[in-house]
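# Results of the structural survey
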Amino acid sequence: MAKSIMTVDDSASIRQMVSFTLENAGFSVLEAVDGEDALEKLNKNAVNMLFVDLNMPKMDGIELIRRVRANPQYKFVPIIMLTTESQASKKQAGKEAGATGWIVKPFKPEQLLNVIRKVLRE
Amino acid sequence: MNSSHIRINIGECRACKNGEVLLTVLGSCVAACLFDPVSGIGGMNHILLPGKADLNHFDLPARYGVNAMETLINKMMRMGADRKRIVAKIFGGAHVIPTISREFGMGRRNAQFVEEFLQKESIPLVNSDIGGTDTRKIFFRSNTGEVFLKRIRPNLYKEVAAQEEKALKTIREKAEKAGEITFF
């Protein structure tokens with residue numbers, strides 16, 4: 001079965017961009033518009049990996065990662081931050097929350113797929 | 001020119017929360033003036049796409065353009081703007097190089113991209129002045145959303161077209177670069 005990856009971003013364009021890239025590579029994609037939406041969808045669907053934006057309404061990416069990591073089922077699932085932010089302090093906060101890695105936008109499609117291959121060992 | 005005006009050059013963007021006036025001069029480029037009326041936070045970018053953007057297949061110009069818009073939106077959100085309240089005014093997209101047909105001109109594709117992006121993101125376009133052949137000078141008051149627009153006949157302001165053509169090369173090189181990846 002195709003591995004399932006979640007993209008969490010408040011921007012419809014970014015979600016579509018990530019989905020387009022991943023679906024073309026054979027993954028199934030679950031989209032969420034913010035942290036709250038993501039948690040709700042994760043309760044009903046299991047995913048193998050997450051791409052998470054930083055600045056989002058309701059619940060931001062850092063808080064989302066903390067909540068996801070608190071769930072034993074998602075303790076070791078790869079979570080990659082995908083954001084326009086590149087400051088060291090933000091990255092540190094992401095690391096402390098339990099992120100696996102950090103990609104600064106803009107991304108290239110092949111870059112995203114290389115990261116997936118690396119963390120999912122495909 | 002008043003020194004309190006902040007000038008936004010090609011490829012730049014700026015968000016403000018203290019009522020600063022943002023200024024830019026546009027030929028075929030497009031400036032999106034975004035504004036959250038409740039928080040009084042506003043911002044402007046100045047977009048020149050490296051090519052015609054395909055927002056269905058996310059080619060390189062589309063990815064570049066989305067990033068330019070998202071960078072501005074994120075800067076405003078970080079200051080406290082609410083994405084759902086943001087409205088937009090867009091300006092520019094003139095046809096400044098007469099030897100190329102309007103259909104394939106840079107102005108047309110820059111304006112088309114920003115319009116499509118706003119629609120996709122459900123950001124209301126409350127006012128716009130795009131197309132034509134005149135260069136535009138825009139003053140945007142970031143805390144009220146007001147815009148003052150001055151039109152300049154193209155023959156009086158030839159350097160704008162020349163600057164944009166020069167900038168296109170730099171933008172193309174910049175668009176090729178991707179962000180960095182860190183593994184923790």
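Our subject is the structure listed above.
## Remarks on the overall build of chain A
Counting its secondary structure elements, chain A contains five helices and five strands. Listing every helix and strand of chain A by position from the N terminus yields β-α-β-α-β-α-β-α-β-α. Oriented by its inertia axes, the alpha-carbon framework of chain A measures out at about 35 × 30 × 25 Å. Within chain A, the fraction of its 122 residues that count as buried is 57%. Residue pairs at least 24 apart in sequence account for 63% of intrachain contacts in chain A once pairs closer than 6 positions are excluded. Surface accessibility of chain A: about 5,300 Å² in total, with carbon and sulfur atoms responsible for 48%. Positive and negative charge centroids in chain A, built from 17 and 15 side chains respectively, lie 7 Å apart.

## Some words on the packing of helix H1 (residues 12-24) of chain A against helix H1 (residues 60-79) of chain B
When two helices pack together, their arrangement is given by the angle between the helix axes and by the axis-to-axis distance. Their axes nearest at 10 Å, the elements H1(A) and H1(B) cross at an angle of 145°. Here the hand of the crossing between H1(A) and H1(B) comes out left-handed. For the pair formed by H1(A) and H1(B), the contact residues are A:Ser13, A:Ile14 and A:Met17 on the first element and B:Arg63, B:Val66 and B:Glu70 on the second.

## What to know about the interface of chain A and chain B
Put simply, an interface is often sized by how much accessible area is lost when its parts join up. At the interface, 33 residues of chain A touch 24 residues of chain B. Regarding the contact of chain A and chain B, the summed buried area is about 2,700 Å², with carbon and sulfur atoms giving 59% of it. Summed over the shared surface of chain A and chain B, the result is four salt bridges. In this structure, the salt-bridge partner of B:Arg83 is A:Asp10, at a minimum N-O distance of 3.3 Å. Sorting the residues of the side of chain A that touches chain B by element identifies H1, helix H4 (88-97), strand E5 (101-104) and helix H5 (109-120) of chain A as the ones contributing at least two each. With six residues, the single largest contributor to the side of chain A that touches chain B is H1(A).

## Looking at the nonpolar core
In summary, soluble globular proteins display a tendency toward joint burial of nonpolar side chains. Residues A:Leu22, A:Phe51 and B:Leu34 are the most contacted members of the largest nonpolar core, which totals 73 residues. In terms of residues, this core owes the most to one element, H1(B), which gives nine residues. Once you skip the residues sitting within four places of it in the chain, A:Leu22 turns out to touch A:Ile5, A:Phe27, A:Val29, A:Phe51, A:Leu112, A:Leu113 and A:Ile116. Judged by nonpolar contacts, the second largest core, of 24 residues, contains A:Leu42, A:Val47, A:Leu50 and A:Tyr74.

Rules and cut-offs
- Residues numbered from 1 in each chain as written.
- Chains lettered and ligands numbered in written order.
- Predicted model: local features only at pLDDT ≥ 70, side-chain atom pairs only at ≥ 80, totals over all residues.
- Heavy atoms only, no water.
- Helix = DSSP H or I, 4+ residues; strand = E, 2+ residues; numbered from the N terminus.
- Buried < 20%, exposed > 50% of the residue type's maximum accessible area, 1.4 Å probe, protein only.
- Contact = heavy atoms within 4.5 Å.
- Areas by Shrake-Rupley, 256 points an atom, 1.4 Å probe, with all protein chains shown as cover.
- Lys, Arg positive; Asp, Glu negative; His and termini not counted.
- Charge placed at Lys NZ, Arg CZ, Asp CG, Glu CD.
- Axes fitted to C-alpha atoms, helices over the stretch in contact; angles between N-to-C directions.
- Left-handed = near helix turned anticlockwise from the far one by under 90°.
- Buried area = accessible area lost by both parts, 1.4 Å probe.
- Salt bridge = Lys/Arg side-chain N within 4 Å of Asp/Glu carboxyl O.
- Core = buried A, V, L, I, M, F, W, Y, C linked by side-chain atoms within 4.5 Å.

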